[in-house]
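Listed here are the chains, written in short residue letters.
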Amino acid sequence: MTTVAAKTFDSLNPATDEVVGTHPVHSAEEVEAAVERARGAALWWAGLGFAGRAERLRRWKGVLTRRSAQLAEVVHAETGKPHGDAMLEIILAIDHTEWAARNARKVLGQHRRSSGLLMANQAATVEYQPLGVVGVIGPWNYPVFTPMGSIAYALAAGNAVVFKPSEYTPGVGRWLADSFAEAVPEQPVFQLVTGFGETGAALCRAGVAKIAFTGSPGTGKKIMAACAETLTPVLIEAGGKDALLVDADADLEAAADAAVWGGISNAGQTCVGIERVYVHERVYDEFVAKVVAKATAIRPGFDDDAAIGPITMPSQVDIIRRHIADAIKRGGRALVGGTDDARYVQPTVLVDVPEDAEAVREETFGPTLTIAKVATMDEAIDKANNSKYGLGGSVFSRSQGLDLARRLRTGMVAVNSVISFAGVPSLPFGGVGDSGFGRIHGPEGLREFGRPKAITRQRFRAPLVLTTFARTKKVDAQVAKLITLLHGKRR
Ligand code: NAD
């Protein structure tokens, strides 16, 4: 943004409370001006075609790759996550950007469709045209990987983007927009607006062609309500309460490792993080012992050797504490863990927690796991599916992994691993229920940011012309005969 905002806000390091950066609180007028500028840029960007855009996206990808350590430092400072974890999300985002650039033409370019017998004289094609200006509203927990799942794909599809990052990670947003402007200096194809919820709400009302939102289901509902005023379509990537299922024949060492990493990495602040584990009774004790041993070894902190960082959003610490306290009050036991520090939550493993406790039903978004014993894998599926969320999930089983994966009511499942679907750029990412709708990543993610355009081109005059007032009774009779022949058979 070139205009000077009247108000500013600071982003803070969650481990030290030091100011990382100061950013404008953009007003509704400033957001509208950004969207207006983006409209012109969108036309230029669309006019470059797939090859011109791919070349520029690759230029940007090069900048991201060469300066990834610098970007990781900003992520580390604003979220508190370890530098290595920040690098991991940047690497995944780079890989997704390359995939979107490489595959946009194949997925969105002109495709022939069969025109059918009645319209055999027509050549039928479909192509996905850019929507125009896409608004992206992002969260703080993966401030590079998550919004880039919308930004890179929307850009590859030929749209301009106005991005509103979380108020906790505006510096990461600034870094992304500045690096794009270095790679593509000609037009404001990718702009940043910063601020709180009001700035995001203004983006919903600024006349964008679509809003791609990632954040909590509560905010998702507000965004849908704001977008409803102007029939602006929305894509909602919201929260989750993902389950990991452990079958009696599972590789327990691998399953325990996956449960601990899936639940505790990034201090549990992962939309597709594992929060619940259902384990077959035959292997329950052995599995729990392995998880406890692994979780005990994880140390939170902000130094170079810490495995997880602080809780990024201070208000979340109270929610995590409440879930743990409620679980214990209702008969649960914490085998490891605790929340005695104001910023850090120790990895916490809870067992014997009733299924209707908050720790099992609500998104905790902390380094906690509930582990429950089940008599059969049918019971595991029923309990895992008994959730208003349905984002991802994980299944460990040697004999029936795929079958169990299909039966989970979620958008994504990893069999014998955890969260791996997020790293496969060709796979769609998204959920059901309170986890949202629409998909980022993969061909589905590219199509979210295109308008399917159907075109028929007449190749020759049809023997039976139907769409004219000059149509005769004879033609009607011939058509009736033809249709009876084609579709009228008794079966
Ligand atoms: P949040 O809902 O508090 O905020 C998300 C974004 O929405 C922020 O940029 C915020 O400023 C903006 N916002 C807030 N109120 C708004 C309003 N009224 N109108 C428009 N914009 C508004 O979420 P968060 O705390 O930043 O992120 C954590 C949540 O995100 C968790 O629930 C997590 O599961 C979810 N998440 C989901 C995915 C996914 O892909 N499904 C990925 C990452 C995070």
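(A) Focus on the overall build of the protein. On a plain count of helices and strands, the protein comes out with 16 helices and 20 strands. Here the protein has a C-alpha radius of gyration of 26 Å; the compact-globule value for 491 residues is 23 Å, and the two agree. Across its three principal directions, the C-alpha atoms of the protein cover 85 × 65 × 40 Å. When burial is assessed residue by residue, the protein has 55% of its 491 residues classed as buried. When the accessible surface of the protein is totalled, it reaches about 21,100 Å², and 54% of it is carbon and sulfur.

(B) Examining the domain arrangement of the protein more closely. By the assigned domains, the protein splits into domain 1 (8-238 + 441-451), domain 2 (242-423) and domain 3 (465-491). Distance between the C-alpha centres of domain 2 and domain 3: 62 Å.

(C) Geometry of the pairing of strand S9 (residues 234-237). The alternating pattern of S9 places Val-234 and Ile-236 and Leu-235 and Glu-237 on opposite faces, both of which are buried. Judged from the four bridges that link them, strand S8 (residues 210-214) and S9 form a sheet pairing that is parallel. Opposite Thr-214, over in S9, you have Glu-237 as the bridge partner. Between the parallel elements S8 and S9, the chain passes through helix H8 (residues 217-228) in a crossover that is right-handed.

(D) The arrangement of the site of the ligand in detail. In the vicinity of the ligand, 30 residues are found, and the nearest of them are Lys-164, Glu-167, Ser-216, Thr-219 and Glu-363. In the model, an oxygen atom of the ligand is placed 2.7 Å from a nitrogen or oxygen of the Lys-164 side chain. Relative to its unbound accessible area of 860 Å², the ligand is 90% covered by the protein chains. Only helix H7 (197-204), S8 and H8 provide two or more residues apiece to the shell around the ligand. Taken together, the residues of the shell around the ligand sort by class into 14 nonpolar, eleven polar and five charged. Here the shell around the ligand spans two domains, since at least three of its residues come from each of domain 1 (8-238 + 441-451) and domain 2 (242-423).

(E) Local environment of the sheet that holds strand S4 (residues 122-130). Sheet architecture is open: three strands sit in the order S3-S4-S20, paired in antiparallel fashion. Whereas interior strands pair on both sides, the edge strands pair on one side only; in this sheet they are strand S3 (111-113) and strand S20 (450-458). Neighbouring strand axes in the sheet, compared pairwise and without regard to direction, differ in orientation by 30° on average. Of the strand pairs in this sheet, S3 and S4 are connected by three bridges, and their pairing is antiparallel. Across the sheet, residue His-111 finds its bridge partner in S4, namely Val-126.

Cut-offs used in this document
- Residues numbered from 1 in each chain as written.
- Predicted model: local features only at pLDDT ≥ 70, side-chain atom pairs only at ≥ 80, totals over all residues.
- Heavy atoms only, no water.
- Helix = DSSP H or I, 4+ residues; strand = E, 2+ residues; numbered from the N terminus.
- Rg over C-alpha atoms; globule rule 2.2 N^0.38 Å.
- Buried < 20%, exposed > 50% of the residue type's maximum accessible area, 1.4 Å probe, protein only.
- Areas by Shrake-Rupley, 256 points an atom, 1.4 Å probe, with all protein chains shown as cover.
- Domains from an automatic or database assignment.
- Pairing = 2+ DSSP bridges.
- Right-handed = clockwise from strand over helix to strand, strands pointing away.
- Near = heavy atom within 4 Å.
- Polar contact = N/O pair within 3.5 Å; in protein donor to acceptor, adjacent residues only side chain to side chain.
- Nonpolar A, V, L, I, M, F, W, Y, C, P; charged D, E, K, R; others polar.
- Axes fitted to C-alpha atoms, helices over the stretch in contact; angles between N-to-C directions.

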